[in-house]
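A closer look at the structure
This is what each chain is made of:
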Amino acid sequence: MNVRMNLAADEPIQLTDSRFTVPGMRCAGCIAKIERGLQKVDGVDAVRVNFSAKRVAVRHDRSLDADALVHAIGKLGFEGQAAETNPLGQDDVESRMLLRSLAVAGFGMMNIMLLSVSVWSGAGGVTRELFHWLSALIALPVVAYAGRPFFSSAAMALRHRRTNMDVPISIGVLLATGLSVYETATGGQHAYFDSAVMLLFFLLAGRALDATMRNKTRAGIGALLSRMGKSARILAEDGSTTTVAAADLQPDMLMLVAAGEALAADGVIEDGRSSIDNSMLTGESTPQSVGHKDLVFAGAINLSNPIRVRVTAASSDTAIAEIARLMDEAGQSRSHYVRIADRASRLYAPAVHTLALMAFLGWMIAGVGLHQSLVIAIAVLIITCPCAMGLAVPAAQVVASGALAKRGLLVKDGSALERLAEVDTALFDKTGTLTMGEPVPQIDRLSSEQKSVALALAQASRHPLSKGLATALEGGGIRSAAVGLLSEAGGEGIKGDWSGIPVALERTATAGEGLSTTLRIGESLVAIPFLDPERPDVAETLSVLQALGVESRIISGDRQAPVGALARALNIKGDSEMRPENKLALLESLKAQGHRPLMVGDGINDGPALAAAHASIAPGSASDVSQQAADAVFLGRTLITVALAVAVARRTMRIVRQNFGFAIGYNVLAVPLALAGLATPLIAAIAMSLSSLVVVGNSLRLARVGNAP
Amino acid sequence: MNVLVFLIPVALFLGGAGLVLFFWAMRDGQFEDLDGAANRILIDDEEDAQLARTEEEESLR
């Protein structure tokens, strides 16, 4: 409907597909704007927005390169990045396989139940045998297909000489199926195909829920290095220029960096003055003015004037690549975290195996024969198979994450919720986390005439402060004045002509505290200060965290004065001028003292800390890298969701423990029946469904969190 | 009991058809963009994208 093809192509042109992540899409209007806007670009054949993944797929002419398309997306008012060509991440493949398996198991379960019910209700003789054969015919392929996730995971665990939840499941399912085939072939009374397939269905439901939850919030791929300039123009000694890919840059080359370009390598400025946006590295959005001999880093964006940069470190030696490496290493330590379900199964699996083996040996000694003993051992395995246990964790976590999503907090996976519940120290970055992160101009004191002139000037400027000013003025319903002869000079400001009067937005002469710009109309000057306001509920959030027993402190890359002032105002500890390594070191020392730190930060400089912390949360305005490194992302202007996340995570774990308690209680009741040889397949099936329903019902109580304050 | 000869294949066929349909839907990408589909219904088909956009933004408020 919204995709229109250019059918008028006379000759076949070479088309190719590109994908871009556009995190800024928020409404239907954005979809329409991007699809229609890109469609108008020459060489674009088809555009399709994937709103859930915040991704745009473009089918276009080969001559059109990714940069041009990113530029086109930028002109539509969205920030876009080229995404990796493979649109299917590893997680996506996994959740698709789980869903397929679930569908197959559901199909098998329903049909086998249909047949089993008639056997239970007394079908005998040839009918029973026919039904058993039919069940076998359905169950064998279903078990082979739907059981794969469990079998492969169990095989993997056994290969490493460990055991996990999947080992008893696999053994139970395989034994039950094998024995049922034997029973069917020998014309026996009972077959257990229904139990085996139902078990698979319930467990797959739990797994699929878990995977869906993970995928929902995980959008955008490999953003860190895509931000870095992909190539640079190199000036050779003879004066000729060549374009060199970022990976092939060498130290001592001379780069020409035009205004608006991202730097592809670290270097020292040889020639030119400009201002650069270093927010990639520092997280501070204020543009930095740089000149001769100043050090600039890859990933920084040159805002105003062309500069010449002598490369000092390229490709994998750059500061940003170093951060990526730190993050990678920091993330590794977290992967050692053992999920609660696996911790439970470490105790559970050996217990169940021993119990089943004892039942088998006991009945053998009692002399009931190999067949009867095996049937009883399998009944024990099936009844204890952690159906309710398999659901206990994911059901509670999915409900909780759904409730949190309603309140503007997106949790990446269940393990994140488990870790969030355990935190006892919260570390906050300042800019962009405790504060809004975007300087807001104080425009109350301006006259409407000044406002409209300022808007006309600000709209024409590329400077981030001007953009903020324009947004604020437009939001106030101001119409821009007719200003002509606009010209922008880097580091100086923008000037123009307003019906004969020279007007300008320029740098404030006195470098006082904080940011400001000066509006000049003729001879009159007026300063427009910019403030980065705190989020409205910082104090409230900290007190709620305190009540939860979580101690808060600030770790910021910002200067001592503002950090100290804020820390004193909030009455917490504050560390300033922390580099990414320092933040990481502080986290490690906290961990070594036995603390479980929660990191809340937004900048790329927080990336390693976010990855290393026991749990981490990033604001929705954070860089993609931070959002990827964090366990959860909160949207909107309020910080209280951070405290809410910890509270809900703890409640979730309470529910999970209740669910476990219930599952174990059920086993305590059912296992003696199975051991005594009294559990028929009918009893096992009913007990299994019932326990699963109770666990799901208990978990649903968490949904109310979404409405409560 | 002869009716079973028809009923069981019919049941299996219907279930199997549902399964095939689900697989097709997944392969076809019907579940790729669930939120997008909900939003797309709000997009007007008018040529004037600018006008359409402002209208939608207002209607979303």
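Residues numbered from 1 in each chain as written. Chains lettered and ligands numbered in written order. Predicted model: local features only at pLDDT ≥ 70, side-chain atom pairs only at ≥ 80, totals over all residues.

A short note on the overall build of chain A
Counting its regular elements, chain A contains 24 helices and 26 strands. Taking all 709 residues of chain A together, the buried fraction comes to 47%. Put simply, 69% of the contacts in chain A that link residues at least 6 apart link residues at least 24 apart. (Helix = DSSP H or I, 4+ residues; strand = E, 2+ residues; numbered from the N terminus. Buried ≥ 20, exposed ≤ 12 C-beta atoms within 10 Å, placed from the backbone. Contact = placed C-beta atoms within 7 Å.)

Side note on the overall build of chain B
Across its full length, chain B carries 3 helices and 0 strands. For chain B, the α and β elements follow one another from N to C terminus as α-α-α. Counting over 61 residues, chain B shows a buried share of 7%.

Observations concerning the nonpolar core
All names here are of chain A. Of all hydrophobic cores here, the largest spans 127 residues; its most connected members are Val197, Leu200 and Ala645. The element that contributes the greatest number of residues to this core is helix 23 (residues 640-675), accounting for 17 residues. Excluding anything up to four places from it in sequence, Leu200 contacts Ala105, Val143, Ala146, Gly147 and Val173. Core analysis: the second largest hydrophobic core is formed by 22 residues, Phe297, Ala298, Leu303 and Val309 among them. (Core = buried A, V, L, I, M, F, W, Y, C linked by C-beta atoms within 7 Å.)

Structural notes on the interface of chain A and chain B
Every contact between the two is made by 23 residues of chain A and, on the other side, 24 residues of chain B. Taken together, the elements giving at least two residues each to the side of chain A that touches chain B come down to helix 1 (28-39), strand 2 (44-50), helix 3 (90-120) and helix 4 (125-146) of chain A. When residues in the side of chain A that touches chain B are grouped by element, the largest group, 9 residues, is from helix 3 of chain A. Here the residues of the side of chain A that touches chain B are counted per class, giving 13 nonpolar, 6 polar and 4 charged. (Nonpolar A, V, L, I, M, F, W, Y, C, P; charged D, E, K, R; others polar.)

Thoughts on helix 16 (residues 448-460) of chain A
Counting along an α-helix, one turn takes 3.6 residues, and residues three or four places apart therefore face a common direction. Taking 1.5 Å as the rise per residue, helix 16 of chain A with 13 residues should run 18 Å; its terminal C-alpha atoms sit 19 Å apart, in good agreement. Those residues of helix 16 of chain A that fall on the buried side of the exposure criterion are Lys451, Val453, Ala454, Leu455, Ala456, Leu457 and Ala458 of chain A. (Expected span 1.5 Å × (residues − 1).)

Examining the sheet that holds strand 6 (residues 241-245) of chain A
All names here are of chain A. With respect to topology, 6 strands assemble into an open sheet ordered 6-5-7-13-8-11, the strand pairing being antiparallel. Each of the sheet's edge strands pairs with one partner strand only, and the pair in question is strand 6 and strand 11 (295-296). Sheet topology note: the strand 5 (residues 231-235)/strand 6 ladder contains 5 bridges and is antiparallel. Within strand 6, the residue paired with Arg233 across the bridge is Thr243. (Pairing = 2+ DSSP bridges.)

Some points on the packing of helix 18 (residues 538-547) of chain A against helix 23 of chain A
Residues and elements named next belong to chain A. For the pair helix 18 and helix 23, the least separation of the axes is 8 Å and the interaxial angle reads 15 degrees. By the angle between their axes, helix 18 is roughly parallel relative to helix 23. Viewed along their axes, helix 18 and helix 23 form a crossing whose handedness is left-handed. Where helix 18 approaches helix 23, its residues Glu540, Thr541, Val544 and Leu545 are matched on the opposing element by Ile640, Val642, Ala643 and Val646. Split by residue class, the contact of helix 18 with helix 23 holds 6 nonpolar, 1 polar and 1 charged. (Axes fitted to C-alpha atoms, helices over the stretch in contact; angles between N-to-C directions. Parallel < 35°, antiparallel > 145°, perpendicular 65-115°, else oblique. Left-handed = near helix turned anticlockwise from the far one by under 90°.)

Comments concerning helix 18 of chain A
All names here are of chain A. Burial in helix 18 covers these residues: Val538, Thr541, Leu542 and Leu545. One side of helix 18 carries all its buried residues, which in axial view fall inside an arc of 95 degrees. Elements that come into contact with the buried residues of helix 18 comprise strand 15 (425-428), helix 15 (430-434), strand 22 (551-555), helix 19 (560-570) and helix 23. Looking one or two places after helix 18, you find Gly549, whose phi comes out positive at around 85 degrees. (Arc of directions from axis to C-beta.)

Things to note about the sheet that holds strand 15 of chain A
Residues and elements named next belong to chain A. In spatial order, the strands read 14-26-25-24-15-22-23; together these 7 strands make up an open sheet with mixed pairing. Bordering the open sheet on either side are strand 14 (409-411) and strand 23 (573-575), each of which pairs with just one other strand. The sheet shows a mean angle of 20 degrees between the axes of neighbouring strands, taken without regard to direction. Sheet topology places strand 22 next to strand 23; 3 bridges connect them, and they run parallel. Paired with Arg553 across the two strands is Lys573, which belongs to strand 23. Strand contacts of helix 14 (residues 414-422): strand 14, strand 25 (615-619) and strand 26 (632-634), with the helix running at about 105 degrees to strand 25, the strand carrying the most contacts.

Here we look at the pairing of strand 8 (residues 266-271) of chain A
Residue and element names in this part refer to chain A. In this sheet, strand 13 (residues 307-313) lies alongside strand 8 in antiparallel orientation, the contact comprising 5 bridges. What sits directly across from Val268, in strand 13, is Arg310. Bridge analysis of strand 8 against strand 11 gives 2 bridges, and the strand direction is antiparallel. Bridging across to strand 11, Gly267 finds its partner in Val296.

Considerations on the environment of Met156 of chain A
Residues and elements named next belong to chain A. Its place among the elements puts Met156 in helix 5 (residues 148-159). Under the C-beta neighbour-count criterion, Met156 is labelled exposed, with 12 such atoms within 10 Å. Considering only alpha carbons, one finds Met156 and Asp166, 10 residues apart in sequence, at a separation of 9.9 Å.

Focus on unusual backbone geometry
Residue and element names in this part refer to chain A. Phi is positive for Asp252, close to 80 degrees, though the residue is something other than glycine. The residue Asp252 is located in the loop between strand 6 and strand 7 (254-257) in this model. A residue is classified by how many C-beta atoms lie within 10 Å of it, and Asp252, with 10 of them, is exposed. Residues other than glycine seldom take positive phi values, yet Lys293 does so here, at roughly 70 degrees. Here Lys293 lies in the loop between strand 10 (288-290) and strand 11. A count of 9 C-beta atoms within 10 Å places Lys293 in the exposed class.

Bear in mind that shape data such as this cannot, by itself, settle questions of function.
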